[in-house]
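# Examination of the molecular architecture
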Amino acid sequence: DAGVTQSPTHLIKTRGQQVTLRCSPKSGHDTVSWYQQALGQGPQFIFQYYEEEERQRGNFPDRFSGHQFPNYSSELNVNALLLGDSALYLCASSFVGGSDNEQFFGPGTRLTVL
Amino acid sequence: AQSVTQLDSQVPVFEEAPVELRCNYSSSVSVYLFWYVQYPNQGLQLLLKYLSGSTLVKGINGFEAEFNKSQTSFHLRKPSVHISDTAEYFCAVSDRVYGNKLVFGAGTILRVKS
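The text that follows walks through the structure, step by step, so that each part is easy to find. If you're wondering where the values come from, they're calculated on a predicted model, not measured in any experiment. (Residues numbered from 1 in each chain as written. Chains lettered and ligands numbered in written order. Predicted model: local features only at pLDDT ≥ 70, side-chain atom pairs only at ≥ 80, totals over all residues. Heavy atoms only, no water.)

### Concerning the overall build of chain A
A count of helical and extended segments in chain A gives zero helices and eleven strands. Listing the helices and strands of chain A from first to last along the sequence gives β-β-β-β-β-β-β-β-β-β-β. If you line up chain A on its principal axes, its C-alpha atoms span 40 × 25 × 25 Å. If you take every contact in chain A between residues at least 6 apart in sequence, the share linking residues at least 24 apart comes to 53%. When the accessible area of chain A is evaluated, it comes to approximately 5,400 Å², of which 49% is carbon and sulfur surface. Separation between the mean location of the 8 positive side-chain charges and that of the 11 negative ones in chain A comes to 12 Å. (Helix = DSSP H or I, 4+ residues; strand = E, 2+ residues; numbered from the N terminus. Contact = heavy atoms within 4.5 Å. Areas by Shrake-Rupley, 256 points an atom, 1.4 Å probe, with all protein chains shown as cover. Lys, Arg positive; Asp, Glu negative; His and termini not counted. Charge placed at Lys NZ, Arg CZ, Asp CG, Glu CD.)

### A look at the pattern of salt bridges
Residue and element names in this part refer to chain B. Following the criterion strictly, the structure yields nine salt bridges over all chains and no others. In this structure, the salt-bridge partner of R77 is E20, at a minimum N-O distance of 2.9 Å. Of this pair, R77 sits in strand β9 (residues 73–78) while E20 sits in strand β3 (residues 19–21), placing them 57 residues apart in sequence. Looking at R77, the relative accessible area reads 27%, which means it is partly exposed. Connected through shared salt-bridge partners, E20, E66 and R77 make up one network. (Salt bridge = Lys/Arg side-chain N within 4 Å of Asp/Glu carboxyl O. Buried < 20%, exposed > 50% of the residue type's maximum accessible area, 1.4 Å probe, protein only.)

### Description of the pairing of strand β5 (residues 31–38) of chain B
Residues and elements named next belong to chain B. Among the eight residues that make up β5, eight are buried, leaving the element largely enclosed by the rest of the structure. Every second residue of β5 is oriented toward a common face, with V31, L33, W35 and V37 on one face and Y32, F34, Y36 and Q38 on the other, all of them buried. Inspection of the sheet shows β5 paired to strand β10 (residues 87–95) by eight bridges, in the antiparallel sense. By the bridge assignment for β10, Y36 is matched with F90. In this sheet, strand β6 (residues 44–50) lies alongside β5 in antiparallel orientation, the contact comprising six bridges. Pairing of L33 across the sheet is with Y50, part of β6. (Pairing = 2+ DSSP bridges.)

### Observations concerning the sheet that holds strand β7 (residues 64–68) of chain A
All names here are of chain A. If you walk across this open sheet you meet the four strands as β1-β3-β8-β7, and the pairing is antiparallel. What marks the edges here is a single partner per strand, and that holds for β1 (5–7) and β7. Across the sheet, the axes of successive neighbouring strands diverge by a mean angle of 20°, strand direction being ignored. (Axes fitted to C-alpha atoms, helices over the stretch in contact; angles between N-to-C directions.)

### What about the state of the cysteines?
One pass over the full model with this rule turns up two disulfides over all chains. Between the sulfur of C23 of chain A and that of C91 of chain A lies a disulfide, 1.8 Å long from S to S. With the S-S bond torsion at -60°, the cross-link from C23 of chain A to C91 of chain A turns out left-handed. Taken as a pair, C23 of chain A in strand β3 (residues 19–24) and C91 of chain A in strand β9 (residues 87–94) lie far apart in primary sequence, 68 residues in all. Exposure class is identical for C23 of chain A and C91 of chain A. Each is buried. Here C23 of chain B pairs with C91 of chain B through a disulfide, and the sulfurs are 2.0 Å apart. Taking the torsion about the S-S bond as the criterion, the C23 of chain B to C91 of chain B disulfide, at about -65°, is left-handed. Placement of C23 of chain B in strand β4 (residues 23–26) and of C91 of chain B in strand β10 is noted, with a sequence separation of 68 residues between them. C91 of chain B shares its class with C23 of chain B; the two are buried. (Disulfide = S-S within 2.5 Å.)

The structure is reproduced here in C-alpha cells:
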C-alpha cells in the first residue's frame, strides 16, 4: 500500500516565480492537508481540502492556493515567490470518516527560493 | 485557538539512559494530542496519540506519553534510548470539535550520544 507521495522532491525557484507542488494521498483517504515547515520550526497549517473544496485555512496569504482533484490528489500553488517561502512543504492525508483524526504525512517537497 | 509549547529545543542524552521530552498545550476546547518524529530529510511519522480513555499512551519504538489535563501537558518518555532515536520530535494538537488540522510545537531535537 503506497503511502502519501509528493512531487517533486526538491525545487529551486527565483523570487517572483510561481510553483506547483503535488500530492497523492494514502489509499482510502479523501482529505488532504498542506503544511509549511520553515527551517528550525514546526510545521504550520496552510489549508485542507475535502470534496474538492477548501475546508479550512491557516494564516497564509492568498498567494497560496490549492486544488483537489476527483481522485483526491491535490496541488499547492504559490505565486509571486518570496525568499521567505523557502521551506519544506508537507502534505498529509486522512479519512474524514475516521474516528481518530490521524493524518499520514508524505516525505515533503523542499522548496528553495533564490 | 490552540497553541503548543515544547519546553526544550534540544535534549542531549547518553545511550541507554531515560529521556523525557516536555510538551504543554493551550486550548479553549477539547483536543486530541499527538507526538510525531522527524528523521533528517524525511516527513513526519506518528509515534503515538491520545484520543480518550487511559491517560498513559504507548506508542511505537518503546515511547509512551502521559496526558495530564490539569497541567495541560503531554510529555513523551522512553526508559532507555538508542542511537537510532536521534531525531526531531514534535508535539501537536487538533481540535475535537471541528476539523483535524494539526497545531505543532517548535520541536525538540533529541541527540543520543554513545
